[in-house]
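Survey of secondary and tertiary structure
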Amino acid sequence: MTMSNKLKTYTLHNYKTIPQISLLSDEMIEAIEVVGHVLPFKTNNYVIDKLIDWSQIETDPMFTLTFPRKEMLQKRHYNAVKKLLDRGADQAALGKKIEEIRMELNPNPAGQEHNVPEMDGIKLKGIQHKYPETILFFPSQGQTCHAYCSFCFRWPQFGGMPDMKFAMNEADLLARYLLKNEKVTDVLFTGGDPLTMSTRILSSYINVLLQPEFKNIHSIRIGTKALSYWPYRFTTDKDSDELLKLFEKVVKAGKNMAIQAHFNHPAELKTDEVMQAIKKIRATGAQIRTQSPVLKNINDKPEIWAEMWRKQVDLGCIPYYMFVARDTGSKRYFELPLDKCWNVFRRAYRQVSGLCRTVRGPSMSCEPGKVQVLGVQEVQGEKVYVLRFLQGRDPKWVDVPFFAKYDPKATWFDQLEPAFGKERFFFEEDEQSDLI
Ligand SMILES: *Cc1c(COP(=O)(O)O)cnc(C)c1O
Ligand code: SF4
C-alpha cells in the first residue's frame, strides 16, 4: 500500500530531505536558501510527488509556484540576504534585514485594514466587510495553508508578523456582527486556508450560521487551495468524511455551500486524487467555483486558461474569477501589463463554450473595489483602457464603464490615470454624475 496520502510537510528547515532535491543545481539551492528567508515557503509530499514535473524543473510552473527562485527578489535584496547568510550573521541582524525587506514588499496591499469593522467599540480583526452583501471571515486557526504559493499576497500572515494577523477567535463575535448587519447574505471563510482547520473547529463556526436567526445568510463560502495542494482533505484524511457531512448539512439547511477553489494551472486538475475529491464534494450538493490570478511564468498563455476552464467545467466546477496578481511580495516576478492580462483573458474566453464563460476578469482587487479590465480601445483618437467595477466600495459604482489612459507598462490600477485629460476618475468626483 502506498502511504502517499500521509502528510509530509517541507519548509526551509527540512526541504533537503525531499528525495527529488538532488535534481536541483547549486544555484537553485542557493535561491531557495536566500529567498526562502524572506518569502515564507512551505510544501508537501502531494505537490512534490504528483504535481511537479521534475524532468523540467527549470521551467515547470508547479515548481515555480512551490519553490523560491532567485528572480523573485530584487537583486539588491537578494544580495543583502546572501551576504548575511554567507558570513553567518546572527539571528538578530538577519531578522532585522528580513523585516526591512518585507516592509518594502508592500505586505498589506489594498488597504485591507480599512475594511475591519467595529462593533460596540471593539475592532473585529477577524472580519473584513467591504461590500455590503459579503463578509470575509478569517478564523484564527485557519491562518496557514497546505502549501504556500510563491506569489501569495497573504504572506505576512504566515511568516511571523503577528501584528498584521487578521485573527478572531470567537464564532460568537461573528454571530453578533451578523445579527446587526442584516444585509449580509454571504459569509466567506478565508485565510490562509480555512480547510487547514480540523472539521471540528470549522463546524463550530459554521453550525452557528445554520441556526434559524441567520436566515439572512444564504451562502457559506470557503476559499481554499486544498483541492489543488492537498485533495486528501476530502478523501482520506481522518476527518474528511465529517467535512463532507458538514457540507451536506449546510445544503440540507437550505443554504448554498460554495467552495472557492484556487487552481493556477491545468496540471492541478489532472491527478486521480483531485478528480476524486471534486466528485465527493459535488456529491454533497456543494458547488465548486474556481479562481486564479494570471501570472507570468505560470499561466500567461490563453491556451492554458482555455484548457483549465474546459477541464473545470468537465469536472462540474464553475469558472469564477481571473485576477491580476496583487502588488505585493514577489509580484515583480509574476506581474504582467494589464494589456497582456486582458489579451490572455479574451483569447482564452473566445475559444471556450458558454458554460466556461461564467468567468470574469481580469480583475484587480484594489482599494475602491474589484476593477475589471474590459479592454483596450481607441476613443476619439485616444487609446484608453475600458474598465468597470465588479465590486465597489460604493455599490453605485458597479457596472459603470469608465476610462483610463492607456499605459503599456501599467500592471496595477494605481498606475493608471483618467483618460481624456480628466483630473479624477468618476468615483473620485465630489459631485458624481447623474449616471450613477
Ligand atoms: C472579492 C471580495 C469579496 C467577494 O466578492 P465576490 O465578488 O462576491 O466573490 C468580498 N470581500 C472582499 C474584501 C473581497 O475582496
Ligand atoms: S493558498 Fe491562497 S492564501 Fe495560501 S499561499 Fe496560496 S494564494 Fe496564499
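Structural data are supplied above this passage.
**Looking at the site of ligand 2**
In the vicinity of ligand 2, eight residues are found, and the nearest of them are Cys145, Cys149, Cys152, Lys225 and His262. Each residue belonging to the shell around ligand 2 can be placed in one class, and the counts come to five nonpolar, two polar and one charged.

**Points about the pairing of strand E6 (residues 134-137)**
Examined bridge by bridge, strand E5 (residues 127-131) and E6 share three bridges and lie antiparallel to one another. Following the sheet pairing, Gln128 is matched in E6 by Leu136. The hairpin turn running from E5 into E6, its antiparallel successor, is two residues long. Bridge analysis of E6 against strand E7 (residues 186-189) gives four bridges, and the strand direction is parallel. Residue pairing for E7: Phe137 is matched across the bridge by Phe189.

**A short note on the sheet that holds strand E14 (residues 382-392)**
Pairing is mixed across the open sheet formed by eleven strands, whose spatial order is E5-E6-E7-E8-E9-E10-E11-E12-E13-E14-E15. In this open sheet, the two strands that pair with only one neighbour each are E5 and strand E15 (402-405). Mean inter-strand twist for the sheet, computed between neighbouring axes without regard to direction, equals 30°. Sitting on the sheet, helix H7 (residues 171-180) touches E5, E6 and E7, and the angle it makes with E6 is about 170°. Its contacts with the sheet put helix H10 (residues 240-252) on strand E8 (219-224) and strand E9 (256-262), and the angle it makes with E9 is roughly 135°.

**Quick word on the site of ligand 1**
As a matter of local geometry, ligand 1 sits amid Lys130, Tyr131, Thr134, Leu136, Arg221, Tyr320, Tyr321, Lys370 and Gln391. Side-chain polar atom of Arg221 to an oxygen atom of ligand 1: 2.7 Å apart, as the coordinates give it. Relative to its free-state accessible area of 380 Å², ligand 1 is covered by the protein chains to the extent of 89%. Secondary-structure elements contributing two or more residues to the shell around ligand 1 are E5, E6 and strand E11 (318-324). Among the residues making up the shell around ligand 1, the classes are represented as four nonpolar, two polar and three charged.

**Remarks on the packing of aromatic side chains**
On inspection of all chains with the given rule, the structure shows 32 aromatic pairs. Through successive ring pairs, a cluster of aromatic residues spans Phe389, Trp397, Phe402, Phe413, Phe425, Phe426 and Phe427. In this arrangement the basic side chain of Arg357 is found over the ring face of Tyr349, its NZ or CZ atom lying 5.1 Å from the centre.

**Here's the deal with a positive patch on the surface**
Together, Lys301, Lys340, Arg347 and Arg350 line one region of the surface with positive charge. With respect to the helices and strands, Arg350 occurs in the loop between helix H14 (338-349) and strand E12 (360-366). When its relative accessible area of 54% is taken as the criterion, Arg350 is described as exposed.

**What to know about the pattern of salt bridges**
A full pass over the atoms with the stated rule returns 18 salt bridges. Residue Lys82 pairs with Glu30 through a salt bridge whose shortest N-O separation is 3.8 Å. Placement of Lys82 in helix H4 (residues 75-86) and of Glu30 in helix H1 (residues 26-36) is noted, with a sequence separation of 52 residues between them. On the accessibility criterion, Lys82 (23% relative accessible area) is partly exposed. In this structure, Glu248 engages Lys252 in a salt bridge whose closest nitrogen and oxygen atoms are separated by 3.7 Å. Taken as a pair, Glu248 and Lys252 lie in helix H10 at a separation of four residues, close to a single helical turn.

**A few points about the packing of helix H8 (residues 199-209) against H10**
Two numbers describe how H8 lies on H10: the axes approach to 10 Å, and their chain directions differ by 10°. In this view, H8 runs roughly parallel relative to H10, as classed from their interaxial angle. Mapping the contact onto sequence places Thr199, Leu202, Ser203, Ile206 and Asn207 in H8 and Glu242, Leu243, Leu246, Lys249 and Val250 in H10. In the contact of H8 with H10, the residues fall into five nonpolar, three polar and two charged.

**Some details on the packing of helix H12 (residues 302-314) against H14**
Between H12 and H14, the shortest axis-to-axis distance is 8 Å and the interhelical angle comes to 50°. Comparing their axes, H14 and H12 come out oblique. Helix-helix and strand crossings are classified by hand; for H12 and H14 the assignment is right-handed. Here H12 contributes Pro302, Trp305, Ala306 and Trp309 to the contact with H14, which in turn contributes Val344, Phe345, Arg347, Ala348 and Tyr349. Among the residues making up the contact of H12 with H14, the classes are represented as eight nonpolar, no polar and one charged.

Criteria and cut-off values
Residues numbered from 1 in each chain as written. Chains lettered and ligands numbered in written order. Predicted model: local features only at pLDDT ≥ 70, side-chain atom pairs only at ≥ 80, totals over all residues. Heavy atoms only, no water. Near = heavy atom within 4 Å. Nonpolar A, V, L, I, M, F, W, Y, C, P; charged D, E, K, R; others polar. Pairing = 2+ DSSP bridges. Helix = DSSP H or I, 4+ residues; strand = E, 2+ residues; numbered from the N terminus. Axes fitted to C-alpha atoms, helices over the stretch in contact; angles between N-to-C directions. Contact = heavy atoms within 4.5 Å. Polar contact = N/O pair within 3.5 Å; in protein donor to acceptor, adjacent residues only side chain to side chain. Areas by Shrake-Rupley, 256 points an atom, 1.4 Å probe, with all protein chains shown as cover. Phe/Tyr/Trp six-rings, centres within 6.5 Å; stacked < 30°, edge-to-face > 60°. Lys NZ or Arg CZ within 6 Å of the ring centre and 35° of its normal. Patch = residues over 30% accessible without salt bridge, like charges linked within 9 Å, V, L, I, M, F, W, Y side chains within 5 Å. Salt bridge = Lys/Arg side-chain N within 4 Å of Asp/Glu carboxyl O. Lys, Arg positive; Asp, Glu negative; His and termini not counted. Charge placed at Lys NZ, Arg CZ, Asp CG, Glu CD. Buried < 20%, exposed > 50% of the residue type's maximum accessible area, 1.4 Å probe, protein only. Parallel < 35°, antiparallel > 145°, perpendicular 65-115°, else oblique. Left-handed = near helix turned anticlockwise from the far one by under 90°.

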